[in-house]
Every structure is written in C-alpha cells, then in structure tokens.
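# Coordinate analysis (summary)
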Amino acid sequence: MSKRTHTIEVWGDFACFTRPEMKVERFSYPVITPSAARGIFDAIYWDCDLRKDDGVIRPYFHWQVERIEVLEMPRYIALRRNEVKGTGPGKAAINKWISGKENPEPLWADGEDATTGRTQRQTMALKNVHYRLTARIIPKAQFAAPEQINKFDNMFERRAKHGKCFQQPFFGCSEFPAFFEYVESGEERKPPASFDQHIGWMLYDVFDLRRDVVKDDQPFISLFDASVKFGVLEVPPFESEKVRKPERGRV
Amino acid sequence: MLQHIVEYATKNIPHLQPGFGPKKVKWRITINQTGTAVVEPYGSSEDGSELERCPEYPANLLQSGGRCHFLVETLQVVLLLLGTNDDLEKYQGKHQYFIELLKMAATVTPELIKAADLFNDSHRIQSLSEYLRNAGAKPTDKVFFTVAGLDPLKHEPCLEWWSEFRKSLTIKEGNAALMLCFMSGEKVVPKATHPKISGLKAVGGRGQDILIGFDKKAFESLGLEQSSNCAMSEDAVNRYSKGLDHLIAKHSRMLAGAKVVHWFKEAVKPEDDPLSFLYEPPELTEAAAQASARQILESLRSGQRPAPSDNHYFALTISGASGRVMVRDWMEGSFEELVSRIEKWFADLEIVARDSGKLAPDPKFMAVCGAIMRDLKDLPAPTATALWRVALAGLPIPQPFIAQALARFRADLIDDKPFNHARMGLIKAYFIRKGGDHNMSAYLNKEHPDPAYHCGRLLAVLASLQRAALGDVGAGVVQRYYVAASQTPGLTIGRLVANAQNHLNKLDGGLAFRYQEQLAEVHSRLGDRIPRTLGLEGQSLFALGYYQQIAANRAGKNTKTNETNEGGN
C-alpha cells in the first residue's frame, strides 16, 4: 500500500446516501458512506489496464477510505419527485437499438399498469453537507512497485489540486454534485462538528475492492458497525475483520 | 435506526418469535368434553382483550387465498358468520383450511379433534352464529376457543407444532443464498417479503403499510430481487415490525399529517418525559400547584429528580403513502441533551401574557405550529416536522415561518382578535435562535437598541391614547394604520403623532400628562432614527414592540419590564 494518505474537503448543497432498507421512500444515512467517499476519490483519479485481447479491466489500485470527518451537523430536507417504476432494458436490447436492428422503445412515463408509469416518491436528503475525507491508494500486486505507487499518488495530488476530475463527483445520487479541495498535510482546517451517533451496521461497499480483474458487475455487499464520535467516522480497512463480507462469489 | 427499534422490541415485547403476534380478541368459544359449545364475550372492555401469543400465517402466503391463521381467526372464517358483501365461497375455503390445520395439530394435541368436529358441523356453527348475530357481533371480530378445559394458545406442544409447520411453509425461502443481515451483520437467509406495519391509517396509510419493500424494478439494485436488496433474517424482520407496531400503538402522537413515535433506551416515568411536555406542558394539564415544565426540566438536569444515567432518546416521524411507510425524520441523542433543549425551547418562547403582566403559560407544541397558520388543520406535515426538529435539535427557526406568523399577527390585529401568546413567543424565539445580540426579553424592553421595536411601541401608545380620548371608534389607528406603520414607519408615524395632539386635548390633565410622558419616553429612545421602511425582521420587531407595550399598558404600573428584571427603576 501507499505510505501517503490524501485528504480532500468535499461539500455540496444536497446529499442522499440512501439506507438500503429505505430505498423506496429514500432516507439518507446521516453521514457519507465509505463507498460514496471512494466514489469521489475514483472520480478524481482512478486508472486501469484495459487490454484489447480479452477486454477485461485490470485496476491499478483501489482507494481505501480511512477517515471521514463531519464538518457540518447533518440536516435533513424532504424532497418529493415524480419518478418512474420501470427500468431501461438490458445491454442486449440497447445494442440492437444502436445497430438499428430494432426501433428504440422509450420508457413510458404514462404507463398504466403496476410496473410502468410515474410514481411520486419522497427523498429525505441531507442539506449543506461538508466532509473531510482521508484515503490511501492500495495498489494491486502487479502494479505495486514503489515508483508506480509514487506516480499514482502524484497524479492524484496534481489532479485534485487543479480541480480536475474524470466525472463530476457526487453525494450518493448523481443529481447532488460534490465540490472538492485538496488539503495539504499539516494545514489547519475547520474542526469536526460535535456529532456523535452509533449508526449500526452500515453499508461499506457493494463491490469486492480486493479483486484484481473486473469481469462483471456482480454485487459484493459488505457492512461495518459504524459509529461517529466527536464528528469522526473511523473506517476500518476493507481487509479487516471489522468489515463483514460475504463469501467470494456471493452477494 | 431500525436497530434501536429491535432493541426496544427485545426489551419490551414478550414472546417475540416469528409466526406469533398479539391480537385483539372479542369472543371465546368454550367446548366441553361432550363437544357442546358456548360462546361468550372475551375481555373486560367492549373492544375485547389482547392475546399476546397468537399464531400468524405468513402474510405473503395468506394473499394467495384459501388460507387462514391457526387457532385465532375472525368469525367469518371460524363460524362462517358473514356480512352482506362477503363472498361465501372464499370463506368456505378458509373455513375448511382452519379445520384442516386443527386436524393436523391434533397429532400433538388430540383435544383439537373435538374442535375440528364442532367447526365441521354446519348445524352447530349455525346456531352459534345466530347467537352471535343477536349479540351484535361483527363478522370481522376475532374469536378463539378452549376445548375440554385446555387452552391451545397456552399449550406448548401445540405452539411448537405451529412453529415447525410454519417453517415448512417457508422452506422455499430457506433455500436462498446466504447474505449479510443489515440488522445483525450475520450471514442469514434473507426474508423475501417483510410484514406490514399497522396504525398509520390516520396519517395517509392504508392500515397495513410496508416499510421495507421493493416491488418495482426501479427500486431494485445490482440485480437483486425483492427484499434481498436489504437482506434481513426472519427474526430481525419479526422484531423490527413487531417493535414498530408496538411503538405506534403505545407511544405515538399525531403531528399534522404524520405520527411521532418516541421512546427512551431506559424507561422514563411519564411525568418526567421531556418530549411529552412539548405536547402537554404539565402546568396546563394538572393542578395549578404542579411545577412548570421548566422547573421539572431544571430539576432533572440538576439531578434533584432521579433519572436513569446514560439514557438516550429516539424520535421517529412517520406517515403512510400509498401502502408504504414513509420515514419523515429520525432523531436521537442523550437524555441530558434533550432536557436542555426542551428547556431552551420553553425559555426562548417565554413571553409576557397579553393582560396579566405575568408570563404566559408554556405553549403546547401544536399551539406553536398553529401560530403560523390560519387553522391548525391546514398545517402541512413538512412544516410540523421542521418545527419538531427545531425544538429537539435547538436549531434556528426558519425565516418563512416568521413571515407566516407575522401575516397571521396582522390579520388577527385587523380583525380585533386577541393576541396569540405562542405566536409572539415564536417571533421572539426567532431572534434569540438567529444568533447575535438582539436584546430579547419576555417583557417590555425599553432599552432595546432597534428603532423598529420602538416604532411598534409608539403605535401601541398612540392606539391607547386614541381609545382613552374617543372610546371605541370602530376602525381605529391600529386597524387603519398598522400595516402602513409597520412597513413604512418613516411616512406614517409622523402623521399619527401630529394627530395625537388632538387626542391629548380631549383628555383630563392627569391622564393627558401620563400619555405625554409615555410618548416622550418612546421618542427619547427613537430620537431621529425612525426608519423609512422595514424588512421582515424589522416588521417582526415592530410587532413585538407593539405587543409588549400593549401588554405593559394593560398590566398597569406594576408591570415588569426588562428594567425591573435588571433591578432598575
């Protein structure tokens, strides 16, 4: 693993880190989840080896979020939106649309049966969120030479300092953008909010971060016992026994 | 959130076992050794009594039809006592299944054969039905039975049989892949569908609403189906659903279009429950000799009243929405923190009474909500929920609420309605919670630094002067000029003061002198600082100054002001 950690401050107007048990009438966790924090680091810098011969993705590394500092007290806001009940078709159908073998079929918002059409749902989102996130690069075995790790660290730092990202980072839902700023080590910043809560079993991630090759998008749901003390959520390493994981190949 | 409900259920509900639950039963059939039966009302009240451990058929399988619960069911199923719209064929199927279950359970409890024979005899159940119909029974009333002196609901072999039988019904779910339980973190077989929650019919629910359910494709993720999107064991599901049912039934209160459920980690005596004070301050509900909410809170905080140490509170706001349970808010924190915040809520809302010169009683929470609406029934649930959070979390009062309160204040003033204490307290609390030094006092504050406050006071004195000089003139200074004076005092106040001289001329020397003195006092505070226009906050201070001056005038010379509070003259 890299000896360096990187800290960024992230903030935004809204956020929704949906609790899996309340995914229909959405209700957010009071703080950002490790997987959402990882997504922000990924959006700034993540890279992989994509070979044309087998078409599989070999990530160079994954991000290990270590510490989440809550800088603003969690405040909820209720939003109501018209959503659709159905989902888009699978990859095969979309490929046919692209190749012109079939005419595209829109997702009808005015369907009348139980599985299509509009439905009004509530989102209990967070407003005015502000976090300080600290994470470390964990390189994959074949990319773990010191000069490579150093390169990854420097690339992230350079990109983050220039405000560069591959995609706009977001807070749980892509409609809630996140803005970020790199924090130099030793820099004095705002202290965490006086927030304490035992959240209980919280979603850690939905993918197996240890995998060297990404062949599919099979879920791998891991959990950890989350507790925010004095505004700080300490995140255990993914390999740790504190992170409950299913057996390999299972959800 | 749900883990706290599970903890509550584990601590407070006996017999928490999947396949069993409480039911309210109204009738009991007593079957003796010879097979003859007598039916009688059960329980002390008209609504019957609750039996804690009744067998429950899996809800998802019940929907397929032709199935029913074991041992405790409705009169429709047990005795085919049907209403005019009931489908005979449907209930005959359920009735036969009820008998079939009894026959199967008779392998461990042979007495049940007698009951099965009775319910299979159409003549005998008809005579029981006729008796019940004459006694005013409803087809949906629940009934249970005892047979040959045995109560099957207390017969362990019979209940164990049910438990095993029920497992065999759900064996299909048992073959599913193991997943991590979101409640316990253990690897479990996820329950495919969760039971529904009762008690939300009054707040948009259907009576039976689902909290965790993923029936539409758009709400499933990662290729997972149904409730495997949030894997939970059957035991965890049973505990959270029973716990929430229990909390809604025993510890919920209406809050506009939602219900607030609150409880404590360690039980708190009802008379020491700070959250109850929000709804019913003790001095409003009990004898006048009772301590006020703030006195009790103070004694709880200082330890004079014993309270469990390291206690926590939990508050959940929920409502129903098209068959689903909607969580609107969740709050938790330490008991000490809660006590100090409720204490602060009452302290911030403290305001002088409109005519006694003393402090107005602590307002009920719903009175504060009603202070910003024309009618309490118009109160939107999000507004009530937001104010609830303001009270419990010690947050600032949102500015739009003050705009609404001010609009209601002006409307009531023009209609000559009495002042609303909760509304004036809320306006005062807005400035306190906003932060900064706003010199807010419950009583008249002659030292207030803001000229808007003194403009309000001046209008109150002018109105009082007019009444003293002319009596009731219908539309007086206030009705005609309040709105203009509170928005553009620079244009209005001068004209009103000039007219005051005519009113002073009509008064006797002593009274005229008193009013002149009052006018001079307010003018001395104002100086030449009369603002040309006032924004929302200025208008709020204007209203507060007007109200506190009126209250001081009505209470007479002995009224308290901030000066007397501070030990001045």
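Just so it is clear, the model here is predicted, and its values are computed rather than measured. Residue positions are given per chain, counting from 1 as you read along its sequence in written order. For this description, chains carry letters from A and ligands carry numbers from 1, given in the order in which they are written. Given that this is a predicted model, residues contribute local features only at a pLDDT of at least 70 and side-chain atom pairs are listed and counted only at 80 or more, while totals for whole chains, interfaces and linings are drawn from all residues. Excluded from the side-chain calculations are hydrogens and water; all other atoms, namely the structure's heavy atoms, are used.

## A word on the overall build of chain A
Elements are defined by DSSP. Helices are runs of H or I of four residues or more, strands are runs of E of two residues or more, and each kind is numbered from the N terminus. Along its length, chain A carries three helices and twelve strands. Using C-alpha atoms as the atom set, the radius of gyration is obtained and then compared with a globule rule of 2.2 Å times the number of residues to the power 0.38. A compact globule built from 251 residues would reach a C-alpha radius of gyration of about 18 Å, and chain A, at 20 Å, matches this within 12%. Taking the principal axes of the C-alpha coordinates as reference, chain A spans close to 60 × 50 × 40 Å. Counting only contacts in chain A whose residues sit at least 6 apart along the sequence, the fraction spanning at least 24 positions is 75%. When charges are tallied, Lys and Arg are placed among the positive residues and Asp and Glu among the negative ones, while His and the ends of the chain are skipped. We put the charge of a Lys on NZ, of an Arg on CZ, of an Asp on CG and of a Glu on CD. Each charge class in chain A can be summarised by its mean position, and for the 39 positive and 37 negative side chains these summaries are 1 Å apart. In this analysis, two residues are considered to be in contact whenever any of their non-hydrogen atoms come within 4.5 Å of each other.

## Quick word on the overall build of chain B
Check the secondary structure of chain B and you find 23 helices and 14 strands. Projected onto the principal axes, the alpha-carbon positions of chain B cover approximately 100 × 55 × 50 Å. In chain B, which comprises 569 residues, the proportion classed as buried is 52%. Long-range contacts, defined here as pairs at least 24 residues apart, represent 72% of the contacts in chain B between residues at least 6 apart. Accessible surface, chain B as shown: approximately 25,000 Å² in total, 49% of it carbon and sulfur. Each residue is assigned to one of three classes by its accessible area relative to the maximum for its type, calculated with a 1.4 Å probe on protein chains only: buried under 20%, partly exposed between the two thresholds, exposed over 50%. Per-residue and other accessible areas follow the Shrake-Rupley method at a 1.4 Å probe size, with only the shown protein chains counted as cover for residues.

## Remarks on the confidence of the model for chain B
All names here are of chain B. Overall, the prediction assigns chain B a mean pLDDT of 82, with 91% of residues at 70 or greater. pLDDT gives the predictor's per-residue confidence on a scale running from 0 to 100. Confidence drops under pLDDT 50 across residues 558-569; counting only partners more than four residues distant or on other chains, this segment forms 21 contacts. Both scores are given for the predicted complex: the pTM is 0.79, the ipTM 0.82.

## With respect to the interface of chain B and chain A
Taken together, the 40 residues of chain B in the interface contact 44 residues of chain A. Roughly 3,500 Å² of surface becomes buried between chain B and chain A when both sides are summed, with 61% attributable to carbon and sulfur atoms. Put simply, buried area is how much 1.4 Å-probe accessible surface two parts lose in total, over both of them, once they are put together. When the buried surface of chain B facing chain A is broken down by residue, Phe182(B), Phe219(B) and Leu222(B) rank first, second and third, together holding 20% of it. A pair is scored as a salt bridge if a Lys or Arg side-chain nitrogen falls within 4 Å of a carboxyl oxygen belonging to Asp or Glu. The tally of links from chain B across to chain A stands at two salt bridges.

## Notes on the nonpolar core
Residues Ile32(A), Tyr131(A), Leu133(A), Phe171(A), Leu211(B), Tyr240(B) and Leu316(B) are the most contacted members of the largest nonpolar core, which totals 97 residues. With eight residues, strand E7 (residues 118-139) of chain A is the largest single contributor of residues to this core. In contact with Leu211(B), other than residues within four places in its own chain, are Glu21(A), Met22(A), Leu2(B), Ile197(B), Tyr240(B), Leu244(B), Val325(B) and Val327(B). To define a nonpolar core, start from buried Ala, Val, Leu, Ile, Met, Phe, Trp, Tyr and Cys residues and group those joined through side-chain atoms within 4.5 Å.

## Looking at the pattern of salt bridges
Residue and element names in this part refer to chain A. Across all of its chains, the model carries 39 salt bridges over all chains by this definition. Arg67 is paired through a salt bridge with Glu234; the nearest N and O atoms lie 2.7 Å apart. You can see Arg67 sitting in strand E5 (residues 61-70) and its partner Glu234 sitting in strand E11 (residues 232-234), a full 167 residues away along the chain. Given a relative accessible area of 29%, Arg67 falls into the partly exposed group. Here the salt bridges share partners, and the residues they tie into one network are Glu9, Arg67, Glu69, Arg132, Glu181, Arg189 and Glu234.

## Here's the deal with the packing of aromatic side chains
Stacked, edge-to-face and tilted labels apply to pairs of Phe, Tyr and Trp rings (six-membered ring for Trp) whose centres lie within 6.5 Å, assigned for plane angles under 30 degrees, over 60, and everything in between, in that order. In total, this model carries 42 aromatic pairs over all chains according to the counting rule given. For the pair Tyr482(B) and Tyr546(B), a centre-to-centre distance of 5.5 Å together with 70° between the ring planes defines the contact as edge-to-face. Pair noted here: Tyr482(B) is in helix H19 (residues 477-487) and Tyr546(B) is in helix H22 (residues 536-555), with a separation of 64 residues, a long-range link. By relative accessible area, Tyr546(B) is classed as buried at 4%. Each member of the aromatic cluster is reached from another via a ring pair, and the members are Phe41(A), Tyr45(A), Tyr60(A), Phe61(A), Trp63(A), Phe143(A), Phe152(A), Phe156(A) and Tyr182(A). Criterion for a charge above a ring: Lys NZ or Arg CZ within 6 Å of the ring centre, and within 35 degrees of the ring normal. The lysine or arginine in question, Lys245(A), covers the ring of Phe238(A), its NZ or CZ lying 5.2 Å from the ring centre. Here Arg514(B) stacks its cationic end above the ring of Tyr515(B), 5.8 Å away from the centre of that ring.

## A word on unusual backbone geometry
All names here are of chain B. Positive phi is not limited to glycine here, since Ser322 has a value of about 50°. Along the chain, the position of Ser322 falls in the loop between strand E13 (312-321) and strand E14 (324-334). Even without being glycine, Asp416 reaches a positive phi, approximately 60°.

## Some words on helix H4 (residues 88-105) of chain B
Residues and elements named next belong to chain B. A helix is expected to reach a length of 1.5 Å times the quantity of its residues less one. Counted at 1.5 Å a residue, the expected span for H4 with its 18 residues is 26 Å, and the 26 Å between its end C-alpha atoms agrees. Looking at H4, one finds that the buried residues are Tyr91, Lys94, His95, Tyr97, Phe98, Ile99, Leu101, Leu102 and Ala105. The secondary structure elements touched by the buried residues of H4 are strand E5 (73-74), helix H3 (75-79), helix H5 (112-120), helix H6 (122-134), strand E6 (142-147) and helix H7 (156-169).

## A word on the sheet that holds E6(B)
All names here are of chain B. Here a strand pair is declared whenever DSSP counts at least two bridges between the two strands. Pairing is mixed across the open sheet formed by four strands, whose spatial order is E3-E2-E6-E5. Only two strands of the sheet have a single neighbouring strand rather than two, namely strand E3 (37-41) and E5. Think of each axis as a best-fit line through the C-alpha atoms, taken over the contacting stretch in the case of a helix, with angles from 0 to 180 degrees between the N-to-C directions. Running at roughly 130° to E6, H5 makes contact with strand E2 (27-31), E3 and E6 of the sheet.

## Some words on the environment of Cys173(A)
In this fold, Cys173(A) is placed in the loop between helix H3 (146-161) and strand E8 (179-183). The spatial distance from the C-alpha of Cys173(A) to the C-alpha of His62(A) is 21 Å, given a sequence separation of 111 residues.

## Some words on the state of the cysteines
When two cysteine sulfur atoms lie within 2.5 Å, the pair is treated as a disulfide. On inspection of all chains with the given rule, the structure shows zero disulfides over all chains. Distance from the sulfur of Cys48(A), which forms no disulfide, to the nearest cysteine sulfur (Cys165(A)) is 17 Å. In this structure Cys181(B) is a free cysteine whose sulfur lies 8.0 Å from that of Cys230(B), the closest cysteine sulfur available.

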